Amino acid sequence: MRFEYTDGCNKDFVELCHELDKFLNELVGGEENRAEYIQYNKLEDIHDVVIAYDGNVPVGSASFKKYDDENAEVKRVFVKEEYRRRGISYNLMKMLEERASEKGYKYFILESGEPLVAAMALYRKIGYKVIPNYGQYADMEDSVCMKKEL
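K.L.:
Any details on the pairing of strand β3 (residues 57-66)? Residues and values, ideally.
P.N.:
Counting buried residues along β3, 8 of its 10 residues qualify, which places the element largely inside the surrounding structure. Looking at chain direction, strand β2 (residues 48-54) and β3 are connected through 7 bridges and run antiparallel. What sits directly across from D48, in β3, is F64. Between β2 and β3, which pair antiparallel and follow one another directly, the connecting turn spans 2 residues, one of which, G55, has a positive phi of 65°. Relative to strand β4 (residues 71-79), β3 is paired through 6 bridges, and the arrangement is antiparallel. What sits directly across from S61, in β4, is F78. Hairpin connection of β3 to β4: 4 residues between the antiparallel strands.

K.L.:
Kindly report on the nonpolar core, identifying the contributing residues and their values.
P.N.:
Counting 26 residues, the largest nonpolar core has V74, M93, L96, F108, Y123 and Y128 as the members making the most contacts within it. Elements that contribute at least two residues to this core include exactly β2, β3, β4, α3 (88-102), β5 (107-112), α4 (117-125) and β7 (144-149). Among the elements that make up this core, the one with the highest residue count is α3 (6 residues). Contact partners of Y128, with chain neighbours within four places excluded, come to V74, M93, E97, F108, L110, Y123, M146, K147 and K148.

K.L.:
Lay out the pairing of β7 with the relevant residues and their values.
P.N.:
Examined bridge by bridge, β5 and β7 share 6 bridges and lie antiparallel to one another. Of the residues in β7, the one forming a bridge with S112 is V144.

Scoring rules and cut-offs
Residues numbered from 1 in each chain as written. Predicted model: local features only at pLDDT ≥ 70, side-chain atom pairs only at ≥ 80, totals over all residues. Heavy atoms only, no water. Buried < 20%, exposed > 50% of the residue type's maximum accessible area, 1.4 Å probe, protein only. Helix = DSSP H or I, 4+ residues; strand = E, 2+ residues; numbered from the N terminus. Pairing = 2+ DSSP bridges. Core = buried A, V, L, I, M, F, W, Y, C linked by side-chain atoms within 4.5 Å. Contact = heavy atoms within 4.5 Å.

It is worth stressing that arrangement in space is one thing and function is another; only the former is reported here.
Dropping the structure here:
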């Protein structure tokens, strides 16, 4: 497994994001059931991405974008189903945390949800704590927001 830093324009990252969207649609019973979240997952503001490759095949990715001067927001974390339970998402998150810290961010924040059982377990395992829902997620009952000091 190799890991590469890139940006939100990378074609492999874009394709993995499409696969993530399909996964989320299946999980919640269709795109209409997550329509209010889609606007917050655009790739234009994402400049920091890590992609995991098995040979030349992209199998997972994670990214972040600036939220404010102290906080970077984790976005679009995904590992293909057949590659899960191998520590790939853990490695993606650790590399992302290192990159954000190098760029001067003090905290990572993220939005997830209880239906994403594996993601929630990972975030808790690596030290993320639930916080009050922030920003656009403040009034979204199904959102779970988390934070970690870098």
